[in-house]
Amino acid sequence: MLKKLFAAAIVGLASILSMNAQKAEVSLSYGAYTQMDATDMKDGWSHVNNAWGALNLGVNFKVAPKIWIGPSYTFSSTTTKGGPEHSNIAYHAVMFNGRYHYYSNSIVTLYAKLGLGVEFSYMQPRHADNYTKAYCAFQVVPVGAQVDLSRAWAMYAEAGFGAQGLFQFGFKYRF
C-alpha cells in the first residue's frame, strides 16, 4: 500500500511539474570512464576490460527559472579478456536527473546536476545462459558548462562521476 501511495505521489508531482514546464530540450552526449568501470557492476566477473565510454540521451524540462528535470538513458558495453571464456556485458542505465543553473552570462551557463536511477548489467557469458543484474545508478556533476550556439542549439561539457561518465561532452537541442 505504501509503495503504491509513493508511486502515485511521484507520478502526480511529475505531471504537475511537466505541465508547468516552460521549455524542453533533448541532449545527446558521450561520457568517458563510467561508474560501471569504477565499481563492481559486473557480478564479480574477473578480467573485464574497461568500457569504451557511454552514450547518453536525455530529455529535460524547465520547471523554474534555474531548474531543469527529466529522464535519461545511458548505454555502454564491454568484454572480458580473450580466450575460451571471452564474454560480453551490456550496460543500460535509466535515471531521473535534476539540474540547477548557478551562474549565467551572455556566453556561458554553469550548472550542477544530480541523477539517480537503476543500471541493468546484461551479462552474456560464452558458455552459459544470459542474465541481468540490477544496480543503483547515479550521476553527480558539480561543474557543468553550456555554451549556446543558436537559439535552439547548445554544446556542453560536464565533470563529475557516475553512470554517464567522469567527463561528458555533448549537444542540446531546445524547442
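Scroll up for the structure.
Please read these numbers as outputs of a predicted model, since none were measured by experiment.

Participant: Hey, could you run me through the overall build of the chain in this one?
Facilitator: Within the chain, the secondary structure is distributed over 2 helices and 8 strands. Reading the helices (α) and strands (β) of the chain from amino to carboxyl end gives α-β-α-β-β-β-β-β-β-β. Going through the 175 residues of the chain one by one, you find that 37% of them count as buried. In the chain, 57% of the contacts between residues at least 6 apart in sequence involve partners at least 24 apart. Carbon and sulfur atoms make up 69% of the accessible area of the chain, which amounts to about 9,800 Å² in all.

Participant: Honestly, a nonpolar patch on the surface in this entry has me stumped. Any pointers?
Facilitator: Side chains of V26, L28, L57, Y73, V94, L149, W153, M155, F169, F171, Y173 and F175 sit close together on the surface and give an oily, nonpolar patch of about 1,100 Å² of accessible area. Put simply, the parts of the chain that give the nonpolar patch at least two residues each are β1 (24-32), β7 (153-162) and β8 (167-174). With 3 residues, β8 is the largest single contributor of residues to the nonpolar patch. Residue placement: F175 occurs in the segment after β8.

Participant: Explain the pattern of salt bridges to me, please; I cannot follow it from the model alone.
Facilitator: Note that side chains of opposite charge can pair when their charged atoms are close. A full pass over the atoms with the stated rule returns 5 salt bridges. The salt bridge partner of E25 is R99, with a shortest N-O separation of 2.7 Å. Note that E25 is positioned in strand β1 and R99 in strand β4 (residues 88-104), a separation of 74 residues in sequence. Across the salt bridge formed by R174 and D148, the nearest N and O atoms sit 3.0 Å from each other. Taken together, the positions of R174 in strand β8 and D148 in strand β6 (residues 131-148) put the pair 26 residues apart, joining distant regions of the chain. Sharing partners across several salt bridges, the network here consists of E25, R99 and K172.

Participant: Would you mind going over the nonpolar core with me for this structure?
Facilitator: Soluble globular proteins tend to bury their nonpolar side chains together. Counting 12 residues, the largest nonpolar core is built from M36, M41, W45, V48, I89, Y91, A93, M95, M123, Y135, A137 and A163. Looking at this core, the elements that each hand over two or more residues are β4 and β6. With 4 residues, the single largest contributor to this core is β4. Ignoring any residue separated from it by four or fewer positions in sequence, one finds M41 in contact with Q35, M36, Y91, E119, S121, Y135 and C136.

Participant: Can you help me understand the environment of R99 in this one?
Facilitator: Residue R99 is classed as buried on the basis of its relative accessible area of 6%. The sequence separation of R99 and A112 amounts to 13 residues, and the corresponding C-alpha distance is 5.7 Å. If sequence neighbours within four positions are ignored, R99 has contacts with E25, N60, K66, I67, W68, Y111, A112, K113, Q146 and K172. Here the side chain of R99 touches H101 through a polar contact of 3.0 Å, side chain to side chain.

Participant: Is there a simple way to think about the sheet that holds β8 in this case?
Facilitator: Reading around the circumference, β1-β2-β3-β4-β5-β6-β7-β8 is the order of the 8 strands in this closed barrel, with antiparallel pairing throughout. Strand-to-strand twist across the sheet, computed as the mean angle between neighbouring axes with direction ignored, equals 25°. Strand direction decides the pairing type here: β1 and strand β2 (residues 54-64), joined by 8 bridges, are antiparallel. Each bridged residue has a counterpart across the sheet, and for V26 the counterpart in β2 is V59.

Calculation criteria
- Residues numbered from 1 in each chain as written.
- Predicted model: local features only at pLDDT ≥ 70, side-chain atom pairs only at ≥ 80, totals over all residues.
- Heavy atoms only, no water.
- Helix = DSSP H or I, 4+ residues; strand = E, 2+ residues; numbered from the N terminus.
- Buried < 20%, exposed > 50% of the residue type's maximum accessible area, 1.4 Å probe, protein only.
- Contact = heavy atoms within 4.5 Å.
- Areas by Shrake-Rupley, 256 points an atom, 1.4 Å probe, with all protein chains shown as cover.
- Patch = residues over 30% accessible without salt bridge, like charges linked within 9 Å, V, L, I, M, F, W, Y side chains within 5 Å.
- Salt bridge = Lys/Arg side-chain N within 4 Å of Asp/Glu carboxyl O.
- Core = buried A, V, L, I, M, F, W, Y, C linked by side-chain atoms within 4.5 Å.
- Polar contact = N/O pair within 3.5 Å; in protein donor to acceptor, adjacent residues only side chain to side chain.
- Pairing = 2+ DSSP bridges.
- Axes fitted to C-alpha atoms, helices over the stretch in contact; angles between N-to-C directions.

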